[in-house]
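Observations on chain architecture
Chain by chain, the residues run as shown.
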Amino acid sequence: MAFVVSSGELATTGAGVLPAYAPMTLRAAPWEYETIWRTQPQVRTVIGFIARNIAQLGLHVFRRVSDTDRERLREHPLAQLLSEPLPGMTQYRLIERVVSDRALYDNFYGIKLKLNGRLRMLPVPPTLIRPYGGNWIAPEYYETAGGRQFGPDEVVHIHGYSPTDLTFGESPIESLRDLILEADEANRQRRQMWKGGARMTGVLVRPPDAPEWGERDRRRFREMWRSFSQGGGAEGGTPILEDGMDYKAVGFNPEQAQYIEARKLTREEVSAAYFIPPPLIGILDHATYSNIREQHAHLYQDTLGPWMVDLQQEFVAQLLPDLPDNKDVYCEFNIEAKMRGSFEEQAAAASTATGGPWMTRNEIRGRNNLPAVPGGDELIVPMNVTEGGRASPRDTAPEPGGAPPKARGLPPRSKASGRPSTLGTFDSEREALETTLTAFTERQADALLAAAGAKADDTGMPDLLALWAAGSEDRLAQLLALLSHHGYRLAQVGAWDVLNVHNPEAENWSAEVMLAWILAAAETHAEQHEEAGRAAVAAVQEGGGDGWREALQTAAAGWGSAAAARANTASTELRSFGGHDAASASGLTKKIWRTGGKNPRPSHKAQDGEAVALDDVFSNGLRWPGDGKGDTKELVNCNCDLDYAKED
């Protein structure tokens, strides 16, 4: 169907929509939605949750200066209008009403006013205004309950989707009507039950051989029974049945009616209609600390993000054309305060973003709504990165064939003061790491077993993965601290083994330069050890069955055994790295593989005595024994070592 412009209106060249045509939709009256909101707590809870969480955010106005900069406009007419739409009305109240009307009716109406030379906006309840006439593209005018008519350009109308036209939104309540009606009927039945003394309906059965009752006896028993069952004042007492009579209940009892489950289902269905995760509105059946935290992180992205984008664009489209100085002006909800995370997370992210070579200070300031500063367009490369192209001190060591760790782009190293007297031998430091890591692992395994036992019931095993995830963050932090502490000592042991032979004065070498690499290696080992434990728990969860307790104990023991193997592997890697770093600082150019251990791998045994340049890799693809970049089969429980020399 082709459309042409004729006298400023859309017309058709054939069968189609005419200006006088208006679709006949069977929408509910607005006051029906109002009644639902007033009487249904589930609907009010969900709509209130959405409106309050959006209204608490500030709505700021900006002007785009460049692709990487913008300025905050505090005195712009749009900023003034949104901050005070009417005298005495706050921005919070405005946004709360806009979102609530959109959520309940899928329509918000606001009438534009001129007060004291300023544009204002009067929010109008959808029960008091409606679009009238026109066609499916635009209404002819808006009519209020008092008969006043306003043109389309005098009304701010924010609405959602309708399958029949472009002028009105269809409320999500429509899809919930039957469910809400069912819940309302259940509430009525529950009220009647409590009104009758919390007794369900039933019949009294009198044995056939019971003596005949006279009219006086019938009346006496009837009055007695009513006092116990129909608000007679004796509710909760114990009636005395006569002549072997028996009471048989008829209808549902409270357990069969499943009142609690029905109410919970209604709230879940309402939250699903508005795309809200159930734990955020108090449905905690499957909630854990970790998944609730994750859902809160996504709240202002996936859940409320579409609402905020809709309002931002509608305010700009319907209000900004009526205001002066509107070029490159837009508004935006201030969600940064909600998305920045904890102070530690903010500090780490800001340090990485502003200290690495992929983002300038002015770029990050622009993202945080701050003005540019002089000299802020230069990239900053921190002194402790491995290479100039690496963006974070957390990055790992260079690729094979590159510069030695921490050697390129660094100033001359200061002279070390000598081997610390507190350092032990490699064997003693390795045993210390193994003892500490194994003890830590056993404590965590015991804590998991205790938590699983406390959560278990007659229905079977609890959600083991949820219990595991609840403590994952704390475990990783403790593992990182543990491995970093022992790793620093082991790296120094390896370095001084080389320095004592080739550079006793430790010229151009400093232990602190190794810290960034050691932290990265510790983080990798911590994540791998945590994942090993999680995989063991997942296997028990998947296996299920009545023997899950024994299976979990076996998995915990296996995780403890893995800790010893990891300590040995990490010790070899850290000693090798420390020696390699000292060799580079000492001007050595060649490294020689020395196979160790009682039962070495065939590949390691075959390359005993193999010599390569300091920056090269050996025939098994490793830079040094325990190299984390190598295959796992070449690393675990490796006891090999390196010698160093200068090329002749």
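Before going into details, it helps to say that this report is about the structure given with it. (Residues numbered from 1 in each chain as written. Predicted model: local features only at pLDDT ≥ 70, side-chain atom pairs only at ≥ 80, totals over all residues. Heavy atoms only, no water.)

1. Focus: the sheet that holds strand β13 (residues 329-333)
On the basis of which strands lie adjacent, the open sheet formed by 3 strands has the order β4-β3-β13 and antiparallel pairing. Looking at the sheet topology across the chains shown, the edges are occupied by β4 (69-72) and β13. In this sheet, adjacent strand axes meet at a mean angle of 45 degrees when their direction is disregarded. Alignment of strand β3 (residues 59-66) against β13, held across 5 bridges, turns out to be antiparallel. Along β13, the bridge assignment pairs H60 with E332. (Pairing = 2+ DSSP bridges. Helix = DSSP H or I, 4+ residues; strand = E, 2+ residues; numbered from the N terminus. Axes fitted to C-alpha atoms, helices over the stretch in contact; angles between N-to-C directions.)

2. As for the packing of helix α2 (residues 41-55) against helix α4 (residues 91-105)
Taken N-terminus to C-terminus, the directions of α2 and α4 make an angle of 145 degrees; their axes are 8 Å apart at the nearest point. Every pair of crossing elements has a handedness; the one defined by α2 and α4 is right-handed. Listed contacts from α4 to I47, I50, A51, R52, I54 and A55 of α2 are Y92, I95, E96, V99, S100, A103 and L104. Here the residues of the contact of α2 with α4 are counted per class, giving 10 nonpolar, 1 polar and 2 charged. (Left-handed = near helix turned anticlockwise from the far one by under 90°. Contact = heavy atoms within 4.5 Å. Nonpolar A, V, L, I, M, F, W, Y, C, P; charged D, E, K, R; others polar.)

3. Overview of the side chain of R430
In this structure, R430 sits in helix α14 (residues 426-455). Engagement of the side chain of R430 in a polar contact is seen with the side chain of N568, the distance being 3.3 Å. Setting aside anything within four residues of it in sequence, one finds R430 in contact with L490, N568, S571 and N639. (Polar contact = N/O pair within 3.5 Å; in protein donor to acceptor, adjacent residues only side chain to side chain.)

4. Description of the packing of helix α17 (residues 515-543) against helix α18 (residues 548-585)
Across the interface, α17 lies against α18 with an axial gap of 9 Å and an inter-helix angle of 160 degrees. As summarised for this structure, α17 and α18 are arranged roughly antiparallel, according to the angle between their axes. Relative to α18, the crossing made by α17 is right-handed. Contact residues: W517, I518, H525, Q528, H529, A532, G533, A536, V537 and V540 in α17; W548, A551, L552, A555, W559, A562, A563, R566, A570, E573, L574 and F577 in α18. (Parallel < 35°, antiparallel > 145°, perpendicular 65-115°, else oblique.)

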